[in-house]
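# Remarks on the overall topology
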Amino acid sequence: MPNASSWSASSSLLLLWEDSSGTRIFLSLLYAVLAISGTLSNVMVIYLVFSFKKLQTTSNAFIVNGCAADLSVCALWMPQEAVLGLLPLNSSSLRSPEYRLLRGGLLGLGLTVSLASHLLVAFNRYVLITKLPSVYQALYQRRHTGCMIGLSWALALLLVPLLPGLWGSAQPPRPTDGSSRYTALLLALAVLGQTALLLHCYLGIVRRVRGSAKRVSPPRRSQRRLSSVSVLLLCCVFLLGTQPLVWVSLLRFFLRPAPPPLQAASWLLLCALSALNPLLYTWRSEEFRRAARSVLP
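Keep in mind that this is a model prediction, so the values were computed, not measured. (Residues numbered from 1 in each chain as written. Predicted model: local features only at pLDDT ≥ 70, side-chain atom pairs only at ≥ 80, totals over all residues. Heavy atoms only, no water.)

### What about the overall build of the protein chain?
When its secondary structure is counted, the protein chain shows twelve helices and zero strands. Helices and strands appear in the protein chain in the N-to-C order α-α-α-α-α-α-α-α-α-α-α-α. Every one of the 297 residues in the protein chain was classed for burial, and the buried ones make up 46%. Total accessible area on the protein chain is roughly 15100 Å²; 70% of this is exposed by carbon and sulfur atoms. (Helix = DSSP H or I, 4+ residues; strand = E, 2+ residues; numbered from the N terminus. Buried < 20%, exposed > 50% of the residue type's maximum accessible area, 1.4 Å probe, protein only. Areas by Shrake-Rupley, 256 points an atom, 1.4 Å probe, with all protein chains shown as cover.)

The structure is reproduced here in structure tokens:
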């Protein structure tokens, strides 16, 4: 197990908590698989939305925004982690402060916009299903939609330079690093707040769908129940990807840092969402499936 000085010198998210070459190779392959699958799925969703007019809706605009952010993680950050895991621990690439800052910026930018896009999609669907059509049309004019997307990127570009240690908390901290405890608390509170708003929107959708299902014919009732199950499944996957990091961060602030493997696994689950997001939002859409069938051989 590396000592405290080796932790401070290293910057790889998951690959440096174990000296075993076999483990490092396995984790490098895992990053490579996530990078390839995530890049292909995100690019496919973006291509389909821009190619088929029926898919050019407001909700899909937010999904494309999330896919573009996820490409920062899957296409730019993950391949570097896969390669760095195959380098020796004393490699100069792992010790370069500038390179560490670049990788942390890519990770922070991608994850911040991706999490914001989750919330934008949830709120859009909540207003569409639970509010009057006139309210939805007034709120989601093209100009307003563009401003929401722009604000998500502006927020990320503001946070990444101002809080460089926020995404560096993915690295195992030094025991004497007190500021990282408050960074961990800030990260946990931000993700918890975003999760609470997202769950409020989706649970409101489920309540509305279940209430309206009682007043329709049995075939339509079964379709709406299936829609509720799909929403709950999306929420479960999102919670599985985000909440381990929240509780690891809270443990780090109030008690003591969690074991490095647990910290690393919580970050890996969060980053893996970038590869799963396109499937989460499109697998139930018949329009997406029809468009994909027309493109793929």
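### As for the pattern of salt bridges
Taken as a whole, this structure holds four salt bridges when the rule is applied. Here Arg290 and Glu286 are joined by a salt bridge, their closest N and O atoms 3.8 Å apart. Linking Arg290 with Glu286, this pair stays in helix H12 (residues 286-295), spanning four residues, or about one helical turn. By relative accessible area, Arg290 is classed as partly exposed at 40%. The salt bridge partner of Glu287 is Arg290, with a shortest N-O separation of 3.3 Å. One end of the pair is Glu287 and the other is Arg290, both in helix H12 and three residues apart, which spans about a single turn. Three or more residues joined by partner-sharing salt bridges are found here, namely Glu286, Glu287, Arg289, Arg290 and Arg293. (Salt bridge = Lys/Arg side-chain N within 4 Å of Asp/Glu carboxyl O.)

### Some remarks on the nonpolar core
One recurring pattern in soluble globular proteins is that nonpolar side chains are buried together. Core analysis: the largest hydrophobic core is formed by 60 residues, its most contacted members being Trp77, Met78 and Tyr202. Elements with a contribution of two residues or more to this core: helix H2 (21-51), helix H3 (58-84), helix H5 (97-130), helix H9 (179-213), helix H10 (218-254), helix H11 (260-282) and H12. With five residues, the next largest nonpolar core counts Ala69, Leu109, Ala156 and Val160 among its residues. (Core = buried A, V, L, I, M, F, W, Y, C linked by side-chain atoms within 4.5 Å.)

### A few points about the state of the cysteines
Scanning all chains against the criterion turns up zero disulfides. Left unpaired, Cys236 is separated from the closest cysteine sulfur, that of Cys235, by 7.0 Å. (Disulfide = S-S within 2.5 Å.)

### Side note on the confidence of the model for the protein chain
For the protein chain, per-residue confidence averages 79 on the pLDDT scale, and residues scoring 70 or more make up 77% of the total. Across residues 1-18, where pLDDT falls below 50, the model places 58 contacts with residues more than four positions away in sequence or in other chains. The low-confidence segment residues 168-178 (pLDDT under 50) makes 17 contacts with residues lying over four places distant or belonging to another chain. (pLDDT = per-residue confidence, 0-100. Contact = heavy atoms within 4.5 Å.)

### Structural notes on H3
Spacing of three or four residues puts side chains on the same side of an α-helix, whose turn is 3.6 residues. The end-to-end C-alpha separation of H3 is 39 Å, in line with the 39 Å expected for 27 residues at 1.5 Å each. A bend of about 35 degrees at Trp77 is the largest found in H3, and the proline Pro79 appears one to four places after it. The buried count for H3 comes to 21 of 27 residues, which makes it a mostly enclosed element. (Expected span 1.5 Å × (residues − 1). Bend = angle between axes of the 7 residues up to and from the residue.)

### Side note on H11
Given a rise of 1.5 Å per residue, 23 residues ought to cover 33 Å, and the 35 Å separating the end C-alpha atoms of H11 matches this to within 8%. Its maximal kink placed at Leu276, H11 deviates by approximately 55 degrees, while the proline Pro278 follows within four residues.

### Regarding the packing of aromatic side chains
Using the criterion set out here, one finds four aromatic pairs in the structure. Between the aromatic rings of Tyr136 and Tyr140, the centroid separation amounts to 5.0 Å while the plane-to-plane angle is 35 degrees, which identifies the pairing as tilted. As far as the burial class goes, Tyr136 and Tyr140 line up, both buried. Here the aromatic residues Phe62, Tyr136 and Tyr140 are joined through ring pairs into a cluster of three or more. (Phe/Tyr/Trp six-rings, centres within 6.5 Å; stacked < 30°, edge-to-face > 60°.)

### Quick look at the UniProt feature "transmembrane region" (unreviewed entry) in the protein chain
The feature "transmembrane region" (unreviewed entry), as annotated in UniProt, sits at residues 25-50, 62-80, 100-123, 144-164, 184-205, 226-250 and 262-283 in this numbering. Between the C-alpha atoms that bound residues 100-123 the distance is 35 Å, and the span itself is 100% helix and 0% strand. The span residues 184-205 carries 100% helix and 0% strand; its end-to-end C-alpha distance comes to 32 Å. (UniProt positions renumbered as here; feature names shortened; annotations may be inferred.)

### So, the packing of H3 against H11
Relative orientation of the contacting elements H3 and H11 amounts to 145 degrees, with a least axis distance of 9 Å. Judged by the twist between their axes, the crossing of H3 over H11 is left-handed. Contact residues: Ile63, Cys67, Asp70, Val73, Cys74, Trp77 and Met78 in H3; Cys271, Ala272, Ser274, Ala275, Asn277, Pro278 and Tyr281 in H11. (Axes fitted to C-alpha atoms, helices over the stretch in contact; angles between N-to-C directions. Left-handed = near helix turned anticlockwise from the far one by under 90°.)

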